[in-house]
Amino acid sequence: ACIEACPTTILVRTDGGFPSVDFSRGECTFCAQCVASCEPHALARATELVPPWTLRARIAETCLAEAGVECRICGENCPTGAIRFRPRLGGVAQPQLDVAACTGCGACFAPCPTRAIVVKAEIDFQLENEQ
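Residues numbered from 1 in each chain as written. Predicted model: local features only at pLDDT ≥ 70, side-chain atom pairs only at ≥ 80, totals over all residues. Heavy atoms only, no water.

A.B. asks: Where do I start with the pairing of strand β4 (residues 83–88) in this structure?
C.D. replies: Relative to strand β5 (residues 91–97), β4 runs antiparallel, the two sharing five bridges. Note on β5: the bridge partner recorded for I83 is L97. What sits between the antiparallel neighbours β4 and β5 is a turn of two residues, in which G90 has the positive phi angle 75°. (Pairing = 2+ DSSP bridges. Helix = DSSP H or I, 4+ residues; strand = E, 2+ residues; numbered from the N terminus.)

A.B. asks: Is there a simple way to think about the pattern of salt bridges in this case?
C.D. replies: Side chains that differ in charge, positive against negative, can pair when their charged atoms come close. Applying the stated criterion across every chain, the model contains two salt bridges. Across the pair R13 and E4 runs a salt bridge, and its minimum N-O distance is 3.2 Å. Looking at E4, the relative accessible area reads 56%, which means it is exposed. Between R72 and E70 there is a salt bridge; the shortest N-O distance is 2.6 Å. Among the residues examined, E70 registers a relative accessible area of 46% and is labelled partly exposed. (Salt bridge = Lys/Arg side-chain N within 4 Å of Asp/Glu carboxyl O. Buried < 20%, exposed > 50% of the residue type's maximum accessible area, 1.4 Å probe, protein only.)

A.B. asks: How should the side chain of R56 be read in this particular structure?
C.D. replies: Inspection of the secondary structure puts R56 in strand β3 (residues 55–59). The exposure class assigned to R56 is buried, which follows from its relative accessible area of 15%. Of note is the side chain of R56, whose polar atom sits 3.1 Å from the backbone oxygen of C102. (Polar contact = N/O pair within 3.5 Å; in protein donor to acceptor, adjacent residues only side chain to side chain.)

A.B. asks: Looking at this structure, I do not really get the nonpolar core. What am I missing?
C.D. replies: Nonpolar side chains tend toward joint burial in soluble globular proteins. Formed by 26 residues in total, the largest nonpolar core has its most connected members in F23, A57, C74, C108, I117 and V119. Elements with a minimum of two residues in this core: α1 (2–5), β3, β4, β5 and β6 (117–121). Aside from chain neighbours lying at most four places away, what touches C74 is I83, F85, C108 and I117. (Core = buried A, V, L, I, M, F, W, Y, C linked by side-chain atoms within 4.5 Å. Contact = heavy atoms within 4.5 Å.)

A.B. asks: Help me understand the packing of aromatic side chains, please; the structure alone is not making it clear to me.
C.D. replies: The geometry of an aromatic ring pair comes down to the distance between the two centres and the angle between the two planes. Considering all chains together, one arrives at two aromatic pairs under this definition. Both rings, one in F23 and one in W53, keep their centres 6.2 Å apart while their planes meet at 90°; by these two values the pair is edge-to-face. With a gap of 30 residues between them, F23 in the loop between β2 (19–21) and α2 (33–37) and W53 in the loop between α2 and β3 connect regions that are remote in the sequence. Ring centres of F30 and W53 lie 5.7 Å apart, and the angle between their planes is 70°; on these two criteria the pair is classed as edge-to-face. With F30 in the loop between β2 and α2 and W53 in the loop between α2 and β3, this pair connects stretches of sequence that are 23 residues apart. Each member of the aromatic cluster is reached from another via a ring pair, and the members are F23, F30 and W53. (Phe/Tyr/Trp six-rings, centres within 6.5 Å; stacked < 30°, edge-to-face > 60°.)

Listed below in structure tokens is the structure:
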């Protein structure tokens, strides 16, 4: 039911019929229609003050700015302003992500021409750093 309720159509059915988020289809607006329509009540929000999930974005080395190509599309699409660009002497501005300001909405993911944006749970990033 949550898949059908999602107005941005980012929820998709995976193997076994379980819902998953596909940010290549768009972004999460945090409208909570998925929560309201979840029949087994597997989705829930404690309060509006608590973030709905621990997803956050990261910018990989495949970013065009790393190759000296001017591109700011991720920052232009970030609704919270979590991605800003730091000028670099003799080169193009480099993206800087404020993880604390990132909501994990995925708005930066789909427009990135090199798929340099990764959106996943904070714990997954921490586990990768430990390896």
